[in-house]
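Inside the fold
In case you want the letters, here they are:
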Amino acid sequence: VGRRPRKIACDCSHTQRDACQLLYSACSAVQFLSPAHQRAINALIPIACTQHVIASPVDLDQFQVTVPFERRPAKALILGDAIRVAGSAEARARRAGYEPEQLEYLSVPFDEMPKVFNRYQAVVIDPVMFHAFGRIAVEALACGCHVLASERVGAMSWPDPLAACRAANRKFWSVVLAGCQDKSGRRFGFKLLRQLAG
């Protein structure tokens, strides 16, 4: 207790960055989940192949407004725990004029989340780590909540995350399904495994 953590070098044959570099170099195209995700990866690894930015799919038939905004209490939902949520989350809610209320991560079944969002006027998304997309942002917006997000939420790097998700749902699955049907995609998987095995 009170001691500073020590950094211990990994003796693995490939670092995580090297493994990602191998992966991206072997691809003919790379898909990113948000503009922020694309910027972050390109800052770390040089990528020469074609790049696509496609929002993560969200079921917008399931996530929708069922309780009018004005009938909800002026509360902000913080979903998570101290490991995942930054210490600034409650202050972020209060600065915006909402009383924060926290629910533990995975304490509510996923199918119940639209009902939960419809009980709040706002949702705070203030993660400790960078989230490439952050589905909860679009799910909360679709349910009519104000989203109070930090710069670590990639979904908020779209000018309109909800519109981006609506436009991307079909495109996302067409890209995924096309990749599954392509024999070269399967060959690529075996080639990559052999490269990583050294």
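The present account deals with the structure reproduced in this document. (Residues numbered from 1 in each chain as written. Predicted model: local features only at pLDDT ≥ 70, side-chain atom pairs only at ≥ 80, totals over all residues. Heavy atoms only, no water.)

Some remarks on the overall build of the chain
To keep things clear, this is the line we draw: For helices the rule is a DSSP run of H or I covering at least 4 residues; for strands it is a run of E covering at least 2, with both sets numbered from the N terminus onward. Per-residue accessibility, obtained with a 1.4 Å probe over protein chains only, is compared with the maximum for each type, and a residue is labelled buried under 20%, exposed over 50%, and partly exposed between these values. Should any heavy atoms of two residues lie within 4.5 Å, those residues are considered in contact. For the area figures, the Shrake-Rupley method with a 1.4 Å probe applies, and any residue is considered shielded solely by the protein chains shown.
On a plain count of helices and strands, the chain comes out with 7 helices and 6 strands. Walking the chain from its N terminus toward its C terminus, one meets helices and strands in the order α-β-α-β-β-α-β-α-β-α-β-α-α. Burial statistics for the chain: of 198 residues in total, 35% are counted as buried. Restricting the contact set of the chain to residue pairs at least 6 apart, pairs at least 24 apart contribute 64%. Total accessible area computed for the chain in this model is approximately 12400 Å², and 57% of it derives from carbon and sulfur atoms.

Quick look at the side chain of Asp81
The test is simple: Polar contacts, as used here, are pairs of N or O atoms within 3.5 Å; protein pairs need one atom able to donate a hydrogen and one able to accept it. Residues neighboring in sequence count only if both atoms are side-chain atoms.
Looking at where Asp81 falls in the secondary structure, it is placed in the loop between β3 (75-79) and α3 (89-95). For Asp81, the side chain forms a polar contact with the side chain of Arg84, separated by 2.6 Å. Not counting residues within four places of it along the chain, the set of residues in contact with Asp81 comprises Gln102, Glu104 and Tyr105.

What to know about the pairing of strand β2 (residues 50-53)
We count it as follows: A pair of strands is treated as paired once DSSP finds two or more bridges between them. Handedness is read with the strands pointing away from the viewer; a crossover is right-handed when the path from the first strand over the helix to the second is clockwise.
Here strand β1 (residues 29-32) pairs with β2 via 4 bridges, running parallel. Note on β2: the bridge partner recorded for Ala29 is Thr50. Crossover handedness for the path β1 to helix α2 (residues 35-44) to β2: right-handed.

Quick notes on the packing of aromatic side chains
Here is the rule: Here a pair means two rings of Phe, Tyr or Trp (six-membered ring of Trp) with centres within 6.5 Å. Their orientation is stacked below 30 degrees between planes, edge-to-face above 60, and tilted elsewhere.
Evaluation of the coordinates by the stated rule reveals 2 aromatic pairs. Ring centres of Phe63 and Phe117 lie 6.2 Å apart, and the angle between their planes is 50°; this geometry places the pair in the tilted category. Of this pair, Phe63 sits in the loop between β2 and β3 while Phe117 is found in helix α4 (residues 113-117), placing the two residues 54 residues apart along the sequence. In terms of burial, Phe63 and Phe117 fall into one category: buried. Through successive ring pairs, a cluster of aromatic residues spans Phe63, Phe110 and Phe117.

Here we look at the pattern of salt bridges
Inclusion rule: When a carboxyl oxygen of Asp or Glu is within 4 Å of a side-chain nitrogen of Lys or Arg, the pair counts as a salt bridge.
Per the stated rule, a full pass over the model turns up 9 salt bridges. Notably, a salt bridge pairs Arg84 with Asp81, separated by 2.6 Å at the nearest N-O pair. Looking at Asp81, the relative accessible area reads 15%, which means it is buried. Arg94 is paired through a salt bridge with Glu99; the nearest N and O atoms lie 3.6 Å apart. Here Arg94 falls in the partly exposed class, since its relative accessible area comes to 45%. Exposure remark for Glu99: the relative accessible area of 42% places this residue in the partly exposed category. Three or more residues are tied together by salt bridges with common partners; here these are Arg92, Asp126, Glu151 and Arg152.

Remarks on helix α5 (residues 135-142)
Counting buried residues along α5, 6 of its 8 residues qualify, which places the element largely inside the surrounding structure. Listing the buried residues of α5 in full gives Ile136, Ala137, Val138, Glu139, Ala140 and Ala142. One or two positions beyond α5, positive phi appears at Gly144, with a value near 85°.

What about the sheet that holds strand β5 (residues 122-125)?
Let me state the cut-off plainly: Fitting a line to C-alpha atoms yields each axis, with helices limited to the stretch in contact; the angle taken between N-to-C directions then spans 0 to 180 degrees.
Taken in spatial order, the 4 strands of this open sheet run β4-β3-β5-β6, and their pairing is parallel. Because the sheet does not close on itself, it has two edges, and the strands there are β4 (99-103) and β6 (146-149). In this sheet, neighbouring strand axes are inclined to one another by 30° on average, regardless of whether the strands run parallel or antiparallel. Across 3 bridges, the pairing between β3 and β5 is parallel. Residue pairing across strands places Ala76 opposite Ala122, the latter belonging to β5. The sheet contacts of α5 involve β3, β5 and β6, and relative to β5 the element is tilted by about 175°.

Describing the nonpolar core
Note the following rule: Joining through side-chain atoms within 4.5 Å is the link that ties buried Ala, Val, Leu, Ile, Met, Phe, Trp, Tyr and Cys residues into a set, and such a set is a nonpolar core.
Core analysis: the biggest nonpolar cluster contains 29 residues, and Ala55, Phe63, Phe117, Val123, Ile125 and Val138 have the highest contact counts within it. Looking at this core, the elements with two or more residues in it are α4, β5, α5 and α6 (161-181). Leaving out residues up to four positions away in the same chain, Ala55 has contacts with Leu33, Phe133, Trp158, Ala164, Cys165, Ala168 and Phe172. Formed by 9 residues, the second largest nonpolar core is a distinct cluster that contains Ala76, Val85, Ala122 and Leu148.

Brief notes about the environment of Asp111
Relative to the helices and strands, Asp111 is located in the loop between β4 and α4. Residues Asp111 and Gln62, 49 residues apart in the sequence, show an inter-C-alpha distance of 8.3 Å.

Remember, this is a structural readout, not a statement about activity or role.
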